[in-house]
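Here is how the chains run, residue by residue.
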Amino acid sequence: MSFENDVVVVGGGGHVGLPLAIALASRGKRTVVYDLSESAVARIREAKMPFIEPGADDVLEKVVADGMLTASTDPAVVASAENVVVVIGTPVDEHLNPDPNAIPRALATCAPYFRDGQLLALRSTIYPGVTALVRDMVKDMGLDVDVAFCPERIAEHKAMTELFELPQIVSGYTPKALARAGALFGSLTDSIVELTPEEAELAKLFTNTWRYIKFAAVNQFYMMANSKGVDFERVRAGLTHDYPRAQDMPGPGFAAGPCLFKDTMQLAAFSDNTFQLGHSAMLVNEGLPLYIASQLDDAHDLSNKTVGILGMAFKAGSDDIRSSLSYKLQRVLRFKAHDVIATDPYVPSSVDSTLLPLEDVLERADILIVATPHSEYRDIATDKPIADVWNLMGNGVLI
């Protein structure tokens with residue numbers, strides 16, 4: 001069975017798929033990005049990143065120029081590749097329930113182009129059992145296609161190093177599928193970890209949920225100390241100083257983004273809603289914006305104040321606002337403050353047209369909140385009160 005391309009990445013115009021496509025192309029795999037977003041595909045064809053990912057720009061230019069990476073909105077390109085990598089994840093709805101049929105449903109548009117002899121590798125976080133659903137879907141189509149689940153493990157802004165340095169988990173329902181998945185991702189890293197699909201599905205969810213729980217514990221500690229007038233950052237600095245068993249304690253801050261909260265809720269659903277620790281973590285992390293707003297309101301009476309939010313992306317140095325708690329903070333403050341204004345050096349006006357230049361926010365605001373710890377805010381000179389839960393400015397986190 002001959003194929004024109006080595007890999008097609010389905011949904012490959014986003015933060016997970018595009019770095020993977022670039023990395024595979026840089027390792028000699030003729031790769032195609034298939035994505036429904038015409039704007040993302042157009043930018044990839046122009047060798048321009050649709051979003052910020054350090055280290056990706058130069059590599060993208062090279063692989064496009066060399067003809068190793070192309071992009072298309074036509075699902076027919078799926079038939080051209082030996083390996084079909086799907087980066088569509090399992091979403092949770094407004095009731096925090098995962099939709100296990102989301103991936104099979106999304107695959108329906110390109111399923112007519114699956115061919116015998118392909119490897120179909122699911123890549124994004126999925127609800128346990130979805131790999132089996134996809135395997136059964138392919139089987140019902142009468143196709144000889146190997147199905148694997150190989151979860152992505154990268155952090156945004158570290159993709160172009162972590163794709164090559166981190167161990168890659170691969171899984172499949174047959175030795176052949178497992179070997180093919182290992183060979184594909186072995187082109188990126190020498191460290192391959194073999195699991196069953198069910199083990200791999202849980203490994204991915206457990207990893208993100210573990211981080212979410214750790215952040216929740218620290219955020220609870222922060223609120224506990226702050227409510228008693230104690231600067232938690234001084235406590236944390238003291239207890240971690242030259243003490244190895246506390247070195248993994250992070251600082252407080254917004255635990256946001258498209259993965260941690262969602263994956264914790266997927267595990268909660270998987271456990272028939274008996275995951276009390278996960279639900280408690282959600283209440284703590286999602287409650288931090290309200291806590292900060294309430295503390296400021298108690299201290300300053302925000303009803304006649306303009307509050308300036310510094311940073312709307314979900315993490316430092318990013319232009320990604322998906323599931324950002326800065327927007328939850330903004331909504332809460334609109335009930336408490338006279339006015340709420342915001343700024344972000346990375347989020348473009350095409351994404352949020354309400355954002356103001358930093359200088360305008362510094363001038364107009366009576367109180368400032370560092371919601372996203374962009375480095376641009378570290379040396380701000382102002383005599384106005386600043387709530388800095390991240391301790392970005394080094395003055396402690398007490399509100």
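Residues numbered from 1 in each chain as written. Predicted model: local features only at pLDDT ≥ 70, side-chain atom pairs only at ≥ 80, totals over all residues. Heavy atoms only, no water.

Caption draft 1: Representation of unusual backbone geometry in the model. We note that Ala-47 has phi near 60 degrees; this positive angle belongs to a residue other than glycine. Within the element layout of this structure, Ala-47 appears in the loop between helix H2 (38–45) and helix H3 (56–65). With a phi close to 80 degrees, His-157 is a non-glycine residue in the positive phi region. As for its placement among the helices and strands, His-157 is situated in the loop between strand E6 (146–149) and helix H6 (159–165). Residue classification places His-157 among the buried positions, given a relative accessible area of 18%. (Helix = DSSP H or I, 4+ residues; strand = E, 2+ residues; numbered from the N terminus. Buried < 20%, exposed > 50% of the residue type's maximum accessible area, 1.4 Å probe, protein only.)

Caption draft 2: View of the sheet that holds strand E3 (residues 69–72). Taken together, 6 strands build an open sheet; the order of strands is E3-E2-E1-E4-E5-E6 and the sheet is parallel. Strands with a single pairing partner mark the edges of an open sheet, and in this sheet they are E3 and E6. Shown here is a sheet whose adjacent strand axes are inclined to one another by a mean of 20 degrees, direction ignored. Relative to strand E2 (residues 31–34), strand E1 (residues 5–10) runs parallel, the two sharing 4 bridges. Opposite Val-10, over in E2, you have Tyr-34 as the bridge partner. Set on the sheet, H2 makes contact with E2 and E3; between it and E3 the angle comes to about 155 degrees. (Pairing = 2+ DSSP bridges. Axes fitted to C-alpha atoms, helices over the stretch in contact; angles between N-to-C directions. Contact = heavy atoms within 4.5 Å.)

Caption draft 3: Representation of a nonpolar patch on the surface within the structure. Taken together, the side chains of Val-230, Val-235 and Leu-239 define a hydrophobic patch exposed on the protein surface, amounting to about 190 Å² of accessible area. Within the secondary structure, Val-230 is located in the loop between helix H8 (197–227) and helix H9 (232–240). (Patch = residues over 30% accessible without salt bridge, like charges linked within 9 Å, V, L, I, M, F, W, Y side chains within 5 Å. Areas by Shrake-Rupley, 256 points an atom, 1.4 Å probe, with all protein chains shown as cover. Salt bridge = Lys/Arg side-chain N within 4 Å of Asp/Glu carboxyl O.)

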